Amino acid sequence: MKIREFLQNHIVYLDGGTGTLLQEAGLPLGELPERWNLSHAEEIRKIHRAYYNAGSNVVCTNTFGANRLKFSASELDGIIRAAVENAREAGNSSNGKQEKFVALDIGPTGKLLKPYGDFDFEEAVKVFAETVKLGVKYGADLVFIETMSDSLETKAAVLAVKENSDLPVFVSCAYGADGKLMTGANPAAMVAMLEGLGVDALGVNCSVGPAQMRGVVKELLEKASVPVLVKPNAGLPIADGDTTRYDIDENAFAEYIAEFLKQGARLVGGCCGTTPAYIAAVVEATKGIQPLPVTDKNITCVSSYTHAVEFSKPVLIGERINPTGKKRFKQALIERDTGYILGEGIAQQEKGAHILDVNVGLPDIDEKTELPRYIEELQAVIDLPLQIDTSDPAAMERAMRRYNGKPLVNSVNGKRESMSAVFPLVKKYGGVVVALTLDEKGIPDTADGRVEIAKKIVAEAEKYGISKKDMIVDPLAMTVSADPNAARTTLQALREIKTQLGVHTSLGVSNVSFGLPVREVVNAAFFALALENGLSAAILNPNSAEMLKTYYAYLALTAQDENCAEYIRFATETLPKFTPATTAVSSVSPQTQGETPLQTAIVKGLKELASSACEETLKTSSALDTVEKEIVPALDLVGKAYEEKRAYLPQLLMSAEAAKAAFEKIRLHLLKTGGKTEKKCKIVLATVKGDIHDIGKNIVGTLLENYGFEVIDLGRDVAPETIVEKTQETGAPLVGLSALMTTTVPSMAETIALLRARVPSVKILVGGAVLTEEYAKKIGADGYGKDGMASVRFAESLYKDLCKK
Amino acid sequence: MLDTVFVKTYPAPPFNIREILRYAGCLGSADERLNTLLGECIAECEEVFSYRVCYRELAPDENFFGDSQTAKKRLDGCEFSVIFAATVGLSIDRLIARYAEVSTAKALLFQAIGAERIESLCNAFCADIAGEYEKRGLYARQRFSPGYGDFPLEKQTEFFRALDCPRKIGLTLSDSLLMSPTKSVTAAVGFTRASEKPQECETGCADCEKADCALRIV
């Protein structure tokens, strides 16, 4: 019998804590246990056999850390061959009469993936793939990915299995006592992602004992539509004289497991501290328990690396990360001003968006590389699920592949070409896909026509194995000023799609008011009507107070907001954020004679005030005058105070931010009037390869921008070649390098050497905690920035010579 | 000697505002707006930390510390040592990165809060185990970490091997020996029967070669 078949109507008994037994068998600490498959085959077989004898159906091979990061290709081959053989032989020679399977065990690599670690996602897929291929080659019955503590690494491992085998795959994660993975995912988020990727079973192991696992198991059982597995530790280790024991014995353990099975778990075993005696006790204590059927929970949801968002009540999708009709956003995309784009995302989250749409499509932008890059950058700082919005299937695939979670995908439509491009991606990577009711013949004028297309798309998706719960139909909001019946048609289609097809729906709500004055009024009314007609998700501008008012009022009025709690929170906490700073410009008294409100705002580090004061100033002064006569002198005042130790770094930065807010107003002003900002010169900034600390570099960047330099920030952990390339590409005459650790200073020296060889004219400024002036000289830098202001002074002293045009 | 790696979690130690300000480069007193901003930052991040430590005992004969003079000095007369790894989790790194995009001042303060949190966690852990061992007549010496004095940063690899950090507390090491989450510490503490403390620099600054450090206390 195959394991998939067996799983359908049996309880599956897994094994216990092999690692614990290896230590007992004399494995010295620090020695790689996987080598024992070859050097101590008999001991390994004995352990596996003991579990089979105890009643385990599935035994995991001793390959937790068997990967190319730890072993050479040939050693890995030998280890996995021996490991599968050892488990197989143990099964054959066991006296157990139950069905027996051998699982290729895969544990985490111990490396953290980018952006917070240094391990690349595709590298991770490759490392796992090599192990998987060997497991297939030597005949494992399934793959067991276990003790995973990071959602993205888990995704890499599952993809490696899916892309290199047809084997069933079970995935088990280590949730802490707080019910989350080390990198933040809760059980619902993991269920969403893993089911999207098509795993055969999922669950929890290690970290804690069975009692502390209850919450996680309960959530998994509530959310999962695939079988749930549970492998707890035997409680906590306790020092007992010169030995260690675990605080839960086999009988108590078996009782917990029986409880999990009665709740619906289908695969059970143990982790650290659970010897074959534990498994035997579990098998004995649960003999009479009938496996509960695994049911489809029919949940429509997307997820991020922390949480899932369900469409059980209307969801707000922020539309602001999209260049359509937005000059400032287009400019940011073209200038690769990632900070601006992330800022747009953060602002929408603060206003209460549940999901963010991400569209970076512009004629000059290579979406294939840029969309996945922005998705990664956004996921580094925003924990909301994202909607991948592109018409380019290649960009869509790359973004879906890298996405950490289960994305919302925008979109597919009734055209054959669209469906055959998008559905395979949704099937492979998982996701909820938005289906637009249009096809080769365009958008039907009638509601019936749109319902028909919706039916066609849903039927076609089913052929790919994509169920209705992973689809959201968008019956398209059309402009009411062009067609008086536009809104009614859309609303009717919405209602019928929801009731006839039973799928969730979405709309880009604001299209309805195109061409009308005071659009927000029309949008909000239409939004209310759409909600009442069955709208599940709205793509809208979360910065529009009117839309949010409608949303929260609707929830309260339709019994979807218990005790009106969300409405009250919105009214008291979120709504005030929509009204700008309450302090009037005139109320801030200048600190010194002759100082203007804008200068005062900057000196005092008041962001909102600097912004409004700058707007005020621009009514009477030119942009250039505002910069040169107001902002620069104010910055100098603060800079001097800092250098004379009358102000400290936090204050310096608060002023820098206030100045930045003023500069943003100037930028908008120039976009409107068609003027240009004068930049002093370009400066490439980077934290060197191997180093992930970038606060120092960011501080320097902020200050340099304040002083009118065009900063090209390459981020952290940047390879010397990339720094050279970007320096050549941008023609920047100055490069600033940052390194924090003694171990990464050599990488800085290497970068300098390469720059000297390839771009001899460039000036190099270095800084970072462990650097000293002498050391900076020694590695060949032109300048040493002992702090942010020193870096600015260095750049200022050079730029006139450097930037001769 | 036990070779088991134990894991402990701690409640949030009290925030040390003076230390946070010092880490933020504010060596004098903070003005009102800075205090307000810091208050906002603490309120925003208070809940995101998880305070985890994994540790084990290490026999003196294990050739773990090599021939480092710093290690020799700190372990002089010790019966054994406890090595540990501590982290306050990844969420603070995410907050720092998030605010780097929208507010450098806040990013700096979150950075400083994170630094203070991990130091406070190490202090809490060391006080905790010092108390435990004192019952057995063993006294803790000053802790030290890879990268202190001549105890090389390369030792990180061995700390990670001995402590199984990724699995125990979710702490990882990059190829360039940086830890992630960044607000993490690995260290060793010696235990001795001698109750009187030797003359030691409390901060460890005396062992550090960076004489021009703004934060140096000797």
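Residues numbered from 1 in each chain as written. Chains lettered and ligands numbered in written order. Predicted model: local features only at pLDDT ≥ 70, side-chain atom pairs only at ≥ 80, totals over all residues. Heavy atoms only, no water.

Attention now moves to the overall build of chain A. Counting its secondary structure elements, chain A contains 30 helices and 25 strands. The C-alpha atoms of chain A give 30 Å as radius of gyration, which agrees with the globular expectation for 805 residues (28 Å, within 12%). If you line up chain A on its principal axes, its C-alpha atoms span 95 × 75 × 50 Å. Relative to its full complement of 805 residues, chain A shows a buried share of 58%. Restricting to contacts in chain A with at least 6 residues of sequence separation, those with at least 24 account for 74%. Of the roughly 31,900 Å² of accessible surface on chain A, 52% is carried by carbon and sulfur atoms. On chain A, the mean spot of the 90 positive side-chain charges and the mean spot of the 103 negative ones are 3 Å from each other. (Helix = DSSP H or I, 4+ residues; strand = E, 2+ residues; numbered from the N terminus. Rg over C-alpha atoms; globule rule 2.2 N^0.38 Å. Buried < 20%, exposed > 50% of the residue type's maximum accessible area, 1.4 Å probe, protein only. Contact = heavy atoms within 4.5 Å. Areas by Shrake-Rupley, 256 points an atom, 1.4 Å probe, with all protein chains shown as cover. Lys, Arg positive; Asp, Glu negative; His and termini not counted. Charge placed at Lys NZ, Arg CZ, Asp CG, Glu CD.)

Scanning the entire structure with this criterion turns up 23 aromatic pairs over all chains. Ring geometry for Tyr55(B) and Phe125(B): centres 5.2 Å apart, planes at 55 degrees, overall tilted. Of this pair, Tyr55(B) sits in strand S2 (residues 51-58) while Phe125(B) sits in helix H5 (residues 104-134), and the two are 70 residues apart along the sequence. Counting every residue linked through ring pairs, the aromatic cluster contains Phe6(B), Tyr10(B), Tyr55(B), Phe84(B) and Phe125(B). One residue, Lys231(A), lies across the ring of Phe144(A), its end atom 5.5 Å from the ring centre. The ring of Tyr340(A) has Arg328(A) lying over it, and the distance from NZ or CZ to the ring centre is 4.0 Å. (Phe/Tyr/Trp six-rings, centres within 6.5 Å; stacked < 30°, edge-to-face > 60°. Lys NZ or Arg CZ within 6 Å of the ring centre and 35° of its normal.)

Glancing now at helix H12 (residues 327-334) of chain A. Residue and element names in this part refer to chain A. Buried within H12 are the following residues: Arg328, Phe329, Ala332 and Leu333. Projected onto a plane normal to the axis of H12, the buried residues spread over an arc of 140 degrees and lie on a single side. Seen from the open side of H12, the exposed residues pointing more than 90 degrees away from its buried face are Lys327 and Ile334. Here the buried face of H12 lies against strand S13 (315-321), helix H13 (338-350), helix H14 (367-381) and helix H25 (649-673). Taken from the residues just after H12, Arg336 is the one with a positive phi, measuring 50 degrees. (Arc of directions from axis to C-beta.)

Strand pairing within a sheet occurs via backbone hydrogen bonds; the two strands may be parallel or antiparallel. Residue and element names in this part refer to chain A. Strand order around the closed barrel formed by eight strands is S13-S14-S15-S16-S17-S18-S19-S20, with parallel pairing between neighbours. Here the average twist between neighbouring strands, direction ignored, is 30 degrees. Bridge count between strand S18 (residues 471-474) and strand S19 (residues 504-508): two bridges; the pairing is parallel. Along S19, the bridge assignment pairs Ile472 with His504. Across the sheet, H13 is in contact with S13 and strand S14 (355-358); its angle to S13 comes to roughly 155 degrees. (Pairing = 2+ DSSP bridges. Axes fitted to C-alpha atoms, helices over the stretch in contact; angles between N-to-C directions.)

We now examine the sheet that holds strand S23 (residues 734-738) of chain A. All names here are of chain A. The strand order S22-S21-S23-S24-S25 describes an open sheet built from five strands, whose pairing is parallel. The strands lining the two open edges of the sheet, one partner per strand, are strand S22 (710-713) and strand S25 (783-784). Inspection of the sheet shows strand S24 (residues 763-767) paired to S25 by two bridges, in the parallel sense. Across the sheet, Leu765 pairs through a bridge with Gly783, a residue of S25. Relative to the sheet, helix H27 (residues 720-730) contacts strand S21 (682-687), S22 and S23, its axis offset from that of S21 by approximately 170 degrees. In this fold helix H28 (residues 745-758) packs onto S23 and S24, with an angle of close to 175 degrees to the strand it touches most, S24.

Membership of the largest hydrophobic core comes to 143 residues, with the highest contact counts inside it found for Ile145(A), Phe423(A) and Met471(A). Setting aside chain neighbours within four positions, we find Met471(A) in contact with Phe423(A), Val432(A), Val433(A), Ala435(A), Ile457(A), Val458(A), Ala461(A), Ile466(A), Val503(A) and His504(A). By size, the runner-up hydrophobic cluster in this structure holds 92 residues, among which are Ile602(A), Ala659(A), Val82(B) and Tyr99(B). (Core = buried A, V, L, I, M, F, W, Y, C linked by side-chain atoms within 4.5 Å.)

Here we come to the interface of chain B and chain A. In this assembly, 56 residues from chain B lie in contact with 63 residues from chain A. Summed over both partners, the interface of chain B with chain A buries about 4,700 Å², with 61% contributed by carbon and sulfur atoms. The interface formed by chain B and chain A holds two salt bridges in total. Note that Asp175(B) and Lys111(A) form a salt bridge whose closest N and O atoms lie 2.7 Å from each other. Within the residue set of the side of chain B that touches chain A, elements represented by two or more residues are helix H2 (32-45), S2, helix H4 (91-102), H5, helix H6 (156-163), helix H7 (165-169), strand S5 (172-173) and strand S6 (179-180) of chain B. A total of nine residues in the side of chain B that touches chain A trace back to one element, the largest contributor, which is H4(B). A breakdown of the residues in the side of chain B that touches chain A according to their chemical character gives 26 nonpolar, 13 polar and 17 charged. (Buried area = accessible area lost by both parts, 1.4 Å probe. Salt bridge = Lys/Arg side-chain N within 4 Å of Asp/Glu carboxyl O. Nonpolar A, V, L, I, M, F, W, Y, C, P; charged D, E, K, R; others polar.)

Further remarks concern the environment of Lys111(A). If you trace the backbone, Lys111(A) turns up in the loop between strand S3 (101-106) and helix H6 (121-137). Residues Lys111(A) and Glu773(A), 662 residues apart in the sequence, show an inter-C-alpha distance of 34 Å. A distance of 2.7 Å separates the side chain of Lys111(A) from the side chain of Asp175(B), its partner in a polar contact. (Polar contact = N/O pair within 3.5 Å; in protein donor to acceptor, adjacent residues only side chain to side chain.)

All names here are of chain A. By the element assignment, Asp470 lies in the loop between helix H17 (447-463) and S18. Residue class for Asp470 comes out buried when judged on its relative accessible area of 15%. A polar contact is formed between the side chain of Asp470 and the side chain of Lys406, at a distance of 2.8 Å. When near neighbours in sequence (up to four residues on either side) are disregarded, Asp470 contacts Lys406, Gly431, Val432 and Val433.

Moving on to unusual backbone geometry. Here the bond from Asn410(A) into Ser411(A) is cis, since omega is 10 degrees, no more than 30 degrees from zero. Here Ser411(A) is to be found in strand S16 (residues 408-413). That bond from Ser180(B) to Pro181(B) is cis: its omega, 0 degrees, falls within 30 degrees of zero. At Thr147(A), a position not held by glycine, the phi torsion is positive, near 55 degrees.

With that settled, the discussion passes to the side chain of Ser513(A). All names here are of chain A. Its place among the elements puts Ser513 in the loop between S19 and helix H19 (519-532). Since its relative accessible area comes to 0%, Ser513 is described here as buried. Of note is the side chain of Ser513, whose polar atom sits 3.2 Å from the backbone oxygen of Ser510. Looking at Ser513, its side chain comes within polar contact range of the side chain of Asn523, at 2.7 Å. When residues no more than four places from it in sequence are discounted, the contact partners of Ser513 are Arg519, Val522 and Asn523.

Before going further, it helps to examine the packing of H27(A) against H28(A). Residues and elements named next belong to chain A. As a packed pair, H27 and H28 sit with axes 9 Å apart at the nearest point and diverge in direction by 35 degrees. The two elements H27 and H28 cross, and the hand of that crossing is right-handed. For the pair formed by H27 and H28, the contact residues are Pro720, Glu721, Ile723, Val724, Thr727 and Gln728 on the first element and Glu750, Thr751, Leu754, Leu755 and Arg758 on the second. Looking at the contact of H27 with H28 residue by residue, the class counts come to five nonpolar, three polar and three charged. (Left-handed = near helix turned anticlockwise from the far one by under 90°.)

Moving on: the domain arrangement of chain A. Residues and elements named next belong to chain A. Assigned domains of chain A: these are domain 1 (3-285), domain 2 (585-673) and domain 3 (682-802). Opposite the 13 residues of domain 2 that make contact, domain 3 presents nine residues. Here domain 2 meets domain 3 over a buried area of about 960 Å², counting both sides, of which 62% is carbon and sulfur. There are one salt bridge connecting domain 2 and domain 3. We note a salt bridge from Glu643 to Arg793, for which the minimum N-O separation is 2.8 Å. Elements represented by at least two residues in the side of domain 2 that touches domain 3 include exactly helix H24 (623-643) and H25. At seven residues, H25 tops the list of elements feeding residues into the side of domain 2 that touches domain 3. Residues belonging to the side of domain 2 that touches domain 3 are distributed by class as follows: eight nonpolar, one polar and four charged. (Domains from an automatic or database assignment.)

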